[in-house]
Structure formats: structure tokens, C-alpha cells
Amino acid sequence: VNPRHLGLTCSPPWQHRLQNLAAAMATVFPANQGIVVGGGLAGMSAANTLMENGARCVLVDKSSFCGGNSTKATSGINGAETKTQKNKGIDDTIELFTNDTLKGGAKKPELVKILCGNSGADVDWLVEKFNLDLSLVARLGGHSAPRTHRGAERFPGMTITYALIQMVEKVAERSDK
């Protein structure tokens with residue numbers, strides 16, 4: 001078991017202990033349940049994905065309400081090679097998004113490649129799974145192509161995050177997940 005897959009990082013000499021912990025967790029913790037820490041867009045995406053795949057989920061957040069900083073996003077959500085971009089004839093690539101992000105000062109190229117590489121499918125998932133309107137696409141600062149998706153609403157971060165929160169609540173009301 002790779003501890004990094006669990007979101008755990010550590011440097012030697014503690015690394016071997018962390019690997020042992022990760023291995024123990026993998027054998028004890030049932031595969032059909034998960035604990036999600038954080039109720040922002042990432043946490044709500046994780047919770048929805050767990051429940052979509054039949055798992056039970058416990059979500060914890062430091063705040064008395066979910067949403068996190070994601071609800072404060074006023075521009076939209078970035079994605080390259082989305083269906084919306086293709087439908088609008090916008091020529092954008094994962095490579096271009098990756099280069100723009102690295103030029104902007106990102107310090108971890110391996111994470112940038114994952115973020116940008118998954119961005120289009122992630123935006124499409126939000127549109128399709130949560131029936132979100134992200135049909136407006138704009139080119140914002142630092143981007144070489146239009147890739148910031150939003151709908152007609154005034155606060156896209158709040159709209160996106162609340163749609164995921166509502167789905168978690170709906171599933172929780174209907175099941176034991």
C-alpha cells in the first residue's frame with residue numbers, strides 16, 4: 001500500500017511507519033465505506049463518488065456548515081477539453097492548460113499534470129451528474145484559451161458546491177449511506 005494514495009506524506013525515518021500504518025488500514029478498514037475530511041467541492045465530490053459506488057460515507061468538516069472556500073469562487077471552474085468547449089469550437093488542450101498552470105507559478109508539476117489532465121472530465125461530470133449549467137466559457141488571466149466554466153448565476157462556486165451538498169443530503173435521506 002502506498003501511503004500517498006491515502007493522502008499521507010512523510011519523510012524518512014518515519015516513512016516506514018507510515019507505510020505500515022497504511023497497510024494496516026487497508027486490511028482493517030472495509031472497502032465499502034469511507035471517511036471524507038472537508039465539505040468543500042473536493043470533499044463533496046469524494047462523498048458523492050463514494051455513495052455513487054455503493055459505499056457508506058462519513059463526512060467531517062471543521063465548520064458548522066459545508067461548502068468551504070469553494071463556495072467563494074466567483075469566476076467559475078477551469079477545465080480543458082470539456083464537452084462544452086468542443087461544442088463551442090474552443091481549441092484547448094490538457095498540455096496547454098498544464099503549461100499555463102506551470103507558467104503561473106505552480107511548484108509541483110506532477111500534481112499539475114493530474115489536475116489539468118482530469119479537469120475536462122471533472123467539469124463534464126459536474127454538468128452531467130448534477131445537472132449544472134456550466135455553459136458559459138471565458139478566457140481569464142493566465143489562460144491561453146477560454147476554459148473557465150460557469151453558468152448564468154452570480155456565484156458559480158456556491159452554485160456548484162451546493163448542488164453536490166444537496167445530492168449528498170438527498171442520498172442520505174433515502175438510504176443508510
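A brief report on the enclosed structure follows.

Parameters and conventions
Residues numbered from 1 in each chain as written. Predicted model: local features only at pLDDT ≥ 70, side-chain atom pairs only at ≥ 80, totals over all residues. Heavy atoms only, no water. Pairing = 2+ DSSP bridges. Helix = DSSP H or I, 4+ residues; strand = E, 2+ residues; numbered from the N terminus. Buried < 20%, exposed > 50% of the residue type's maximum accessible area, 1.4 Å probe, protein only. Axes fitted to C-alpha atoms, helices over the stretch in contact; angles between N-to-C directions. Left-handed = near helix turned anticlockwise from the far one by under 90°. Contact = heavy atoms within 4.5 Å. Nonpolar A, V, L, I, M, F, W, Y, C, P; charged D, E, K, R; others polar. 1 Å grid on protein atoms, 1.4 Å probe; cavity = no way out; pocket = protein on both sides within 12 Å on 5 of 7 lines; lining within 4 Å. Points joined across faces, edges and corners; volume = space filled by probe spheres on them. Patch = residues over 30% accessible without salt bridge, like charges linked within 9 Å, V, L, I, M, F, W, Y side chains within 5 Å. Areas by Shrake-Rupley, 256 points an atom, 1.4 Å probe, with all protein chains shown as cover. Salt bridge = Lys/Arg side-chain N within 4 Å of Asp/Glu carboxyl O.

**What to know about the sheet that holds strand S5 (residues 148-150)**
Two modes of strand pairing occur in sheets, parallel and antiparallel, and in both the strands are linked by backbone hydrogen bonds.
Moving on, step 1. The antiparallel open sheet is built from three strands, whose spatial order is S3-S5-S4. At either margin of the open sheet sits one strand with a lone partner, and together these are strand S3 (77-78) and strand S4 (136-138).

**Here we look at unusual backbone geometry**
Moving on, step 1. At glutamate 81, a residue that is not glycine, the phi angle is positive and equals roughly 65°.
Moving on, step 2. In this structure, glutamate 81 sits in the loop between S3 and helix H3 (83-87).
Moving on, step 3. Glutamate 81 sits in the partly exposed class, given a relative accessible area of 33%.
Moving on, step 4. Positive phi is not limited to glycine here, since asparagine 131 has a value of about 55°.
Moving on, step 5. As for its placement among the helices and strands, asparagine 131 is situated in the loop between helix H5 (109-130) and S4.
Moving on, step 6. With relative accessibility at 70%, the residue asparagine 131 sits in the exposed group.

**Some remarks on the packing of helix H2 (residues 41-52) against helix H6 (residues 156-174)**
Moving on, step 1. Relative to each other, H2 and H6 sit at 35°, their axes nearing to 9 Å. H6 is crossed by H2, and the crossing has left-handed handedness. On H6, the residues that touch Leu41, Met44, Ser45, Ala47, Asn48 and Met51 of H2 are Ile160, Thr161, Leu164, Ile165, Met167, Val168 and Val171.
Moving on, step 2. The residue makeup of the contact of H2 with H6, split by class, is ten nonpolar, three polar and no charged.

**A look at the layout of surface pockets**
Moving on, step 1. Estimates place the volume of the largest pocket at around 630 Å³.
Moving on, step 2. If you trace the largest pocket, you find 19 residues lining it, with Leu41, Ala42, Ile77, Leu115 and Asp122 closest to the centre.
Moving on, step 3. Those elements that place two or more of their residues in the lining of the largest pocket are H2, S3 and H5.
Moving on, step 4. For the lining of the largest pocket, a count of residues per class yields ten nonpolar, eight polar and one charged.

**Examining a nonpolar patch on the surface**
Moving on, step 1. Taken together, Ile35, Val37, Val58 and Val60 make up a surface patch of nonpolar side chains, about 380 Å² in accessible area.
Moving on, step 2. Only strand S1 (33-37) and strand S2 (56-60) provide two or more residues apiece to the nonpolar patch.
Moving on, step 3. Relative to the assigned elements, valine 58 resides in strand S2.
Moving on, step 4. On the basis of relative accessibility, which here comes to 47%, the residue valine 58 falls in the partly exposed class.

**A closer look at the pattern of salt bridges**
Moving on, step 1. In total, this model carries four salt bridges according to the counting rule given.
Moving on, step 2. When the shortest N-O distance is used, the salt bridge between lysine 129 and glutamate 52 registers 3.6 Å. Of this pair, lysine 129 sits in helix H5 while glutamate 52 sits in helix H2, placing them 77 residues apart in sequence.
Moving on, step 3. Close ionic contact of glutamate 128 with lysine 83 constitutes a salt bridge, the shortest N to O distance being 2.6 Å. Residue glutamate 128 is located in helix H5, and its partner lysine 83 is located in helix H3; the two are separated by 45 residues in the primary sequence.
Moving on, step 4. Judged by relative accessible area, lysine 83 falls into the partly exposed class, the value being 45%.
Moving on, step 5. Linked by salt bridges that have partners in common, Asp92, Asp100 and Arg147 make up one network.

**A closer look at the pairing of S1**
Moving on, step 1. The alternating pattern of S1 places Gly34 and Val36 on a buried face, while none of Gln33, Ile35 and Val37, on the opposite face, is buried.
Moving on, step 2. Pairing geometry for S1 and S2, over five bridges, is parallel. Across the sheet, the residue bridging to isoleucine 35 is valine 58, located in S2.

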